[in-house]
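# Summary of the model geometry
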Amino acid sequence: MQQSYEVTGQAGRILVVDDDPTVAEVVAGYLDRAGYVVDRADDGPAALTRAAAHWPDLVVLDLMLPGMDGLEVCRRMRGRGPVPVIMLTARGDEDDRILGLEVGADDYVTKPFSPRELVLRVESVLRRARPEAGARALSAAGLTVDPAARRATKNGSELALTLREFDLLAFFLRNQGRAYGREDLMREVWGWDFGDLSTVTVHVRRLRGKVEDDPARPRLIRTVWGVGYRFEPDGGEED
């Protein structure tokens, strides 16, 4: 399926999924004042129904939902089509955050959080989701990334990449042969000056699973021990 995120209305349509009515009301209020069209759902099935009726440009999704948790909702939405997801979690446990990233969340925010910060995160994700008009296609090692179409292929077959995976692959193709630390990638790809570096680790692992012939022995996205990662179009053993 083609990687495409069409922004509707003035700023876009956001689906807020949270079973806490106070949290949902506050988040929806801030997003509404920021110019977004906001839909709300208080459980997983309702979220899927809302999304089917009006496909969102982005989903703010609580991890802990009754009946069907946020991980399953994210999986099912991603099965229908590409959509950026910001996961909300009330837990401080790193495993929960990593689980959200593993199923394809583009970002996460831990409760309690600042509604203003969440709006900024939404703006950042949507800004990066928009196609880059006039940007040239990038190719190496059988991989092609077209930023203008938000489309990536491997040996001619389309890759199902999340927003962050797409951006990460495009960055590697633009900067072949140079090693980058996780802090560098967080700043250059995510646009953050600080954050949980496990976000980068998880996304590199997921991307390897989609572009490497053998993800257990990566030859393109190579680990540079003590530094970070380097994209090598000619392959080779890890450093």
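Structural data are supplied above this passage.
Everything quoted here is computed from the prediction, not taken from an experiment. (Residues numbered from 1 in each chain as written. Predicted model: local features only at pLDDT ≥ 70, side-chain atom pairs only at ≥ 80, totals over all residues. Heavy atoms only, no water.)

Packing of helix α5 (residues 115-129) against helix α6 (residues 163-174) leaves a shortest axis separation of 10 Å and a crossing angle of 55°. Taken together, the axes of α5 and α6 lie oblique to each other. α6 is crossed by α5, and the crossing has left-handed handedness. Contact residues: α5 offers Ser 124, Val 125, Arg 128 and Ala 129, while α6 offers Leu 163, Arg 164 and Asp 167. (Axes fitted to C-alpha atoms, helices over the stretch in contact; angles between N-to-C directions. Helix = DSSP H or I, 4+ residues; strand = E, 2+ residues; numbered from the N terminus. Parallel < 35°, antiparallel > 145°, perpendicular 65-115°, else oblique. Left-handed = near helix turned anticlockwise from the far one by under 90°. Contact = heavy atoms within 4.5 Å.)

Pairing is antiparallel in the open sheet, where three strands are placed in the order β10-β12-β11. Each having just a single partner strand, β10 (179-180) and β11 (221-224) make up the two edges of the open sheet. As paired elements, β10 and strand β12 (residues 228-231) share two bridges and run antiparallel to each other. For Ala 179, the partnering residue across the bridge sits in β12 and is Arg 230. (Pairing = 2+ DSSP bridges.)

Moving on, we get to the packing of α6 against helix α8 (residues 198-211). The interhelical angle for the contact between α6 and α8, taken along N-to-C directions, is 80°, at an axis separation of 10 Å. Relative to α8, the element α6 is oriented roughly perpendicular. Facing α6, whose interface residues are Arg 164, Glu 165, Leu 168, Leu 169 and Phe 172, α8 presents His 203, Val 204, Arg 206, Leu 207, Lys 210 and Val 211. For the contact of α6 with α8, the per-class residue count stands at six nonpolar, one polar and four charged. (Nonpolar A, V, L, I, M, F, W, Y, C, P; charged D, E, K, R; others polar.)

Turning next to the packing of aromatic side chains. Counted by the stated rule, this structure contains two aromatic pairs. A ring pair is formed by Phe 171 and Tyr 180, whose centres lie 4.8 Å apart and whose planes are at 70°; its orientation type is edge-to-face. Side by side, Phe 171 and Tyr 180 carry an identical accessibility label, which is buried. Centre to centre, the rings of Phe 172 and Phe 231 are 6.4 Å apart; their planes meet at 20°, and the pair counts as stacked. Pair noted here: Phe 172 is in helix α6 and Phe 231 is in strand β12, with a separation of 59 residues, a long-range link. Each member of the pair, Phe 172 together with Phe 231, is buried. (Phe/Tyr/Trp six-rings, centres within 6.5 Å; stacked < 30°, edge-to-face > 60°. Buried < 20%, exposed > 50% of the residue type's maximum accessible area, 1.4 Å probe, protein only.)

This part is about α6. The end-to-end C-alpha separation of α6 is 17 Å, in line with the 16 Å expected for twelve residues at 1.5 Å each. In terms of residue burial, α6 counts as a mostly covered element, since eleven of its twelve residues are buried. Taken together, the buried positions of α6 are Leu 163, Arg 164, Glu 165, Phe 166, Asp 167, Leu 168, Leu 169, Ala 170, Phe 171, Phe 172 and Leu 173. (Expected span 1.5 Å × (residues − 1).)

This model, assessed by the stated rule, comprises 17 salt bridges. A salt bridge links Asp 167 to Arg 150; the nearest nitrogen and oxygen atoms lie 3.1 Å apart. Of this pair, Asp 167 sits in helix α6 while Arg 150 sits in the loop between β7 (143-146) and β8 (151-154), and the two are 17 residues apart along the sequence. Like Arg 150, Asp 167 is buried. (Salt bridge = Lys/Arg side-chain N within 4 Å of Asp/Glu carboxyl O.)

Worth remembering: the numbers are spatial, not functional.
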